[in-house]
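Listed here are the chains, written in short residue letters.
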Amino acid sequence: MSLASGHPNEGGVMETGQASAAREAMPRWEHLTRGSERVVRGRGRSLEESFEQAAVALCALVVDPASVEVREEVELVCEAKTPERLLADWLRAIVHKMAARRLCFRCFAVRMDGTRLFGHAFGEPLDRERHPFARDVRGVSLVDTRVSQGADGLWTAECEVEL
């Protein structure tokens, strides 16, 4: 697995306002490649943080999140029996909102209650002048969707994305 190239934002830390002594414990996102497939990955101290960061990684495939202003909030609710399915449904819901309302997002807030995810996406309408390199995401695949907690206690959420 290697970091993907070709986009100005290939991974980063989206601040959540919580201080951490170790960079590894900071919530973070990245893009990976597996053969010809693109993968978005989010890591965090909780399952919710890993889902938030996976969503930022997804949106960073479309536009640089740092260029997006928070002007709108969109509420999303998903429910699924497994964390992997919940991750895929969450990312699909984001793709749907981006396409249906021509939005781009900067950051997310997620709360989980059992098999339900309550999310908020923060962003603005897509502006081709301010976001000239924006591209469309065609879909989110369930192939190789993974959600796990490592020995270090950090959660990882990753999913293949079709561009």
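Because the structure is predicted, anything quoted here is derived from the model rather than measured.

Parameters and conventions
- Residues numbered from 1 in each chain as written.
- Predicted model: local features only at pLDDT ≥ 70, side-chain atom pairs only at ≥ 80, totals over all residues.
- Heavy atoms only, no water.
- Buried < 20%, exposed > 50% of the residue type's maximum accessible area, 1.4 Å probe, protein only.
- Helix = DSSP H or I, 4+ residues; strand = E, 2+ residues; numbered from the N terminus.
- Pairing = 2+ DSSP bridges.
- Core = buried A, V, L, I, M, F, W, Y, C linked by side-chain atoms within 4.5 Å.
- Contact = heavy atoms within 4.5 Å.

1. Brief notes about the pairing of strand β7 (residues 116–125)
Thought 1: Along β7, seven of the 10 residues are buried, which leaves the element largely enclosed by surrounding structure.
Thought 2: Bridge analysis of strand β5 (residues 72–79) against β7 gives eight bridges, and the strand direction is antiparallel. Among the inter-strand pairings, Cys78 is bridged to a residue of β7, identified as Leu117.
Thought 3: Pairing geometry for strand β6 (residues 103–113) and β7, over 10 bridges, is antiparallel. Residue pairing across strands places Asp113 opposite Arg116, the latter belonging to β7.
Thought 4: Two successive antiparallel strands, β6 and β7, enclose a turn made up of two residues, where Gly114 displays a positive phi of approximately 65 degrees.

2. Side note on the nonpolar core
Thought 1: Counting 42 residues, the largest nonpolar core has Phe51, Leu87, Trp90, Leu91, Ile94, Phe105 and Phe108 as its most contacted members.
Thought 2: In terms of residues, this core owes the most to one element, helix α1 (residues 47–60), which gives nine residues.
Thought 3: Filtering out sequence-adjacent residues up to four positions away, Ile94 remains in contact with Ala55, Leu58, Cys59, Leu76, Phe105 and Phe108.

3. A short note on unusual backbone geometry
Thought 1: Backbone geometry at Arg102 places phi at a positive 55 degrees, although glycine is not the residue there.
Thought 2: Examined against the element boundaries, Arg102 turns out to sit in the loop between α2 (83–101) and β6.
Thought 3: Among the residues examined, Arg102 registers a relative accessible area of 37% and is labelled partly exposed.

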